[in-house]
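The lines below spell out each chain.
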Amino acid sequence: MSVAVAIVGSGPAGFYAADALLGKLPGCRIDILDRLPTPFGLVRAGVAPDHLSTKNVIRLYEKILDKDGVRLLGNVGLGRDVSYDELKRLYDVVVLAFGAEEPRRLCVPGEDRAGVVNVTDFVGWYNAVPGARDCAPDLAGVRGAVVIGNGNVALDVARLLAKTAEELARGDIAPPAAAAITAAPITDIWVIGRRGPVQSSFSFPVLSEFSGLVEAMALVDPGQLPADASAAEEAERRKKEKNLQVLKILAANSADDKPVRIHFAFCAAPVAVLGEARMTGLELMRNRLEGNRAVATGETFRIDAQLMVPTIGYRVSPIAGLPFDSERGIVANRDGRVEPGVYVVGWAKRGPTGVVGTNRVDSRTVVELIAADGPKAGKPGGGGLDELLRARGVRVIGTADWRIIDAAERARGRDARPREKLATIEAMLAVLDSEAAA
Ligand SMILES: Cc1cc2nc3c(=O)[nH]c(=O)nc-3n(C[C@H](O)[C@H](O)[C@H](O)COP(=O)(O)OP(=O)(O)OC[C@H]3O[C@@H](n4cnc5c(N)ncnc54)[C@H](O)[C@@H]3O)c2cc1C
């Protein structure tokens, strides 16, 4: 009998855990569950549609899916189709790899006004994530857009809002999102950071892209740029210095050169969303830095904006029965151990930090612990789950089904667009049904 493993979540952390487990527990059988019918987590559902090369890592995950003993069980949600307790009863080892999908809230008055769109919905909309279409933002009257946050997700959102139809066509953006963005009368986009440029979490290649946008000019107030990055931690200083160089180049740009302006504004934090039913503007407080800390100055200012996307981080959505660290918004764990036989990896373990590759190291480290704990075979495993899901009428999307969906999406792609994603579960099931009928 072989050790039965359930991995919940088919994002990078889940795949790296599966790969490492195959090496450490030879002969183990691994079921990778995902609540979505499609695998690959945020590599498919989060990474920006114009960052195609980042998505090449999917080729590696596809190879893992082909390995003996590995099954994909898409369209199976923990807490929806199977409970945490049931999974523990069925599998010798459970690895939680379900990411952190709940966006952190700003907690400012007016945050619920139309025009304020949470980042999971916004990113899901342009990435054609099933369900996100229902949250499509109304960009028709949007002249000003504000993105709150100073990480790469903020840069993704600002950059995509600024792109032309031709620029957007060189990726796998959902066509309705591309059409809405290019039809919107946007002239000004703000990227707001509560602290300074040295404290921002931008990465150099993503920030550098702001020099080459066809119709948008990035602007920075040179007065907001420190002379150097000496305020950064030693280990980070070189990286921050490179970003500062990019911002200094952008600070020399002129506002009149292109029809769309992207304003990088540092040391400012939203205090109220203005308007009645719909957002018409944003009131912000100017901050000053004390060391690396932002301190409110009491001075406020306003910007005219009809769209706001806060990108200030994510939390795990709690699941019944699962130990939860509500302060940090993660699954409660000690170095990845949750309780006997249960482990956690990736964003669900450590919160929303790092890039795709960070999860490789993280998952490998946790798999070392799993192997050291010496799991024994004995529980029903996949056969037991199959029976339970059949009884509940759950339509499981396996690896072969995913490959049919993948081929259909690729076939819909044209020119520089590698694929056109199917945006609803119904459309995916229809493709599978017509293939089965053929
Ligand atoms: C908008 C955005 C853009 C990013 N862009 C980049 C980039 O360009 N480059 C880069 O290196 N990194 C990028 N990252 C970071 C990178 O995506 C993450 O480091 C990585 O995806 C985290 O991996 P994970 O497996 O922990 O979580 P995820 O990738 O989120 O995977 C979790 C999986 O679990 C599934 N799931 C969730 N809940 C359940 C449930 N209850 N039951 C079953 N399944 C469930 C989800 O559907 C998902 O497939 C980006 C992140 C975001 C948010």
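Residues numbered from 1 in each chain as written. Predicted model: local features only at pLDDT ≥ 70, side-chain atom pairs only at ≥ 80, totals over all residues.

Q: Would you explain the site of the ligand in this entry?
A: The environment of the ligand is made up of 35 residues, and the closest members are Gly9, Gly11, Gly41, Gly99 and Gly346. At the level of elements, α1 (12-24), β2 (29-34), α2 (41-45), α6 (152-162) and α11 (347-350) are the ones that each hand at least two residues to the shell around the ligand. Partitioned by chemical class, the residues of the shell around the ligand number 17 nonpolar, 14 polar and 4 charged. Here the shell around the ligand spans two domains, since at least three of its residues come from each of domain 1 (4-101 + 315-397) and domain 2 (105-312). (Near = placed C-beta within 6 Å. Helix = DSSP H or I, 4+ residues; strand = E, 2+ residues; numbered from the N terminus. Nonpolar A, V, L, I, M, F, W, Y, C, P; charged D, E, K, R; others polar. Domains from an automatic or database assignment.)

Q: Can you walk me through the sheet that holds strand β12 (residues 293-304) in this structure?
A: The strands making up a sheet are joined through hydrogen bonds of the backbone, oriented either antiparallel or parallel. Reading across the sheet, the 3 strands line up as β10-β11-β12 and stay open at both edges, with antiparallel pairing between neighbours. If you trace the sheet from one side to the other, it starts and ends with β10 (268-275) and β12, each paired once. Within this sheet the neighbouring strands show an average axis-to-axis angle of 20°, counted without direction. By the bridge criterion, 9 bridges tie strand β11 (residues 279-290) to β12 in an arrangement that is antiparallel. Its bridge partner lying in β12, Asn287 is registered against Ala296. (Pairing = 2+ DSSP bridges. Axes fitted to C-alpha atoms, helices over the stretch in contact; angles between N-to-C directions.)

Q: I'm lost on the domain arrangement of the protein in this one. Help?
A: By a widely used convention, the size of an interface equals the accessible area lost when the partners come together. Each assigned domain of the protein is listed with its residue range as follows: domain 1 (4-101 + 315-397) and domain 2 (105-312). Taking the mean C-alpha position of each, domain 1 and domain 2 sit 32 Å from one another. Taken together, the contacts link 8 residues of domain 1 with 14 residues of domain 2. Tallied by class, residues from the side of domain 1 that touches domain 2 come to 5 nonpolar, 1 polar and 2 charged. (Contact = placed C-beta atoms within 7 Å.)

Q: Teacher, can you tell me more about the pairing of strand β7 (residues 188-192) here?
A: Each regular strand carries side chains that alternate between the two faces of the sheet. Burial analysis of β7 places 4 of its 5 residues in the buried class, which makes it a mostly covered element. Sheet topology note: the strand β6 (residues 144-148)/β7 ladder contains 5 bridges and is parallel. Within the sheet, the bridge partner assigned to Ile148 lies in β7 and is Ile192. Bridge analysis of β7 against strand β9 (residues 260-265) gives 5 bridges, and the strand direction is parallel. Note that in β9 the partner of Ile192 across the bridge is Ala265. (Buried ≥ 20, exposed ≤ 12 C-beta atoms within 10 Å, placed from the backbone.)

Q: Looking at this structure, I do not really get the packing of helix α14 (residues 399-412) against helix α15 (residues 425-437). What am I missing?
A: Angle between the axes and distance between the axes are the two parameters that describe a pair of packed helices. Their axes nearest at 10 Å, the elements α14 and α15 cross at an angle of 105°. With respect to their mutual orientation, α14 and α15 come out roughly perpendicular. Listed contacts from α15 to Asp401, Ile404, Ile405 and Ala408 of α14 are Met428, Val431, Leu432 and Glu435. Its residues placed into classes, the contact of α14 with α15 shows 6 nonpolar, no polar and 2 charged. (Parallel < 35°, antiparallel > 145°, perpendicular 65-115°, else oblique.)

Q: What is the right way to read the sheet that holds β6 from this model?
A: Taking strand neighbours across the sheet as the criterion, the 5 strands line up as β8-β9-β7-β6-β13 in an open arrangement whose pairing is parallel. Only two strands of the sheet have a single partner each, and these edge strands are β8 (216-220) and β13 (307-310). Between one strand axis and the next, the sheet turns through 15° on average, direction left out of account. As judged from the 4 bridges shared by β6 and β13, these two strands associate in the parallel manner. Paired with Ile148 across the two strands is Pro310, which belongs to β13. Lying on the sheet, α6 is in contact with β6, β7, β8, β9 and β13; it crosses β7 at an angle near 175°.

Q: How should helix α8 (residues 175-183) be read in this particular structure?
A: Each α-helix turn comprises 3.6 residues. Residues three or four places apart therefore point the same way. Buried residues of α8: Ala177, Ala178 and Ile181, and no others. For α8, the angular spread of the buried residues around the axis is 100°, confining them to a single face. On the buried face of α8, the contacting elements are α5 (119-126), α6 and α7 (165-168). (Arc of directions from axis to C-beta.)

Q: When you look at the pairing of strand β1 (residues 4-8) in this model, what are you seeing that I'm missing?
A: Along β1, 5 of the 5 residues are buried, which leaves the element largely enclosed by surrounding structure. Covered by surrounding structure in β1 are Ala4, Ala6 and Val8 together with Val5 and Ile7, the residues of both alternating faces. Both β1 and β2 contribute to a ladder of 5 bridges, which runs parallel. Within β2, the residue paired with Val5 across the bridge is Ile30. Viewed along the sheet, the connection from β1 through α1 into β2 turns out right-handed. Examined bridge by bridge, β1 and strand β4 (residues 93-96) share 4 bridges and lie parallel to one another. Bridging from a neighbouring strand, Val5 pairs with Val93 of β4. (Right-handed = clockwise from strand over helix to strand, strands pointing away.)

Q: Any chance you could explain the packing of α1 against helix α12 (residues 358-373) here in plain terms?
A: Axis separation between α1 and α12 bottoms out at 8 Å; the angle between their running directions is 40°. Classified by the interaxial angle, the pair formed by α1 and α12 is oblique. Crossing of α1 over α12 shows right-handed handedness. Taking contact as the criterion, the partners of Pro12, Ala13, Tyr16, Ala17, Ala20, Leu21 and Lys24 in α1 are, on α12, Asn359, Arg360, Asp362, Ser363, Arg364, Val366, Val367, Ile370 and Ala371. Looking at the contact of α1 with α12 residue by residue, the classes come out as 10 nonpolar, 2 polar and 4 charged. (Left-handed = near helix turned anticlockwise from the far one by under 90°.)

Q: Where do I start with α5 in this structure?
A: Counting buried positions along α5 yields 6 of 8 residues, so the element is predominantly enclosed. Every buried residue of α5 is listed here: Val119, Phe122, Val123, Gly124, Trp125 and Tyr126. Its buried side turned inward, α5 meets α2, β5 (102-103), α6, α8 and β13. Phi turns positive, to about 55°, at Ala128, one or two residues after α5.

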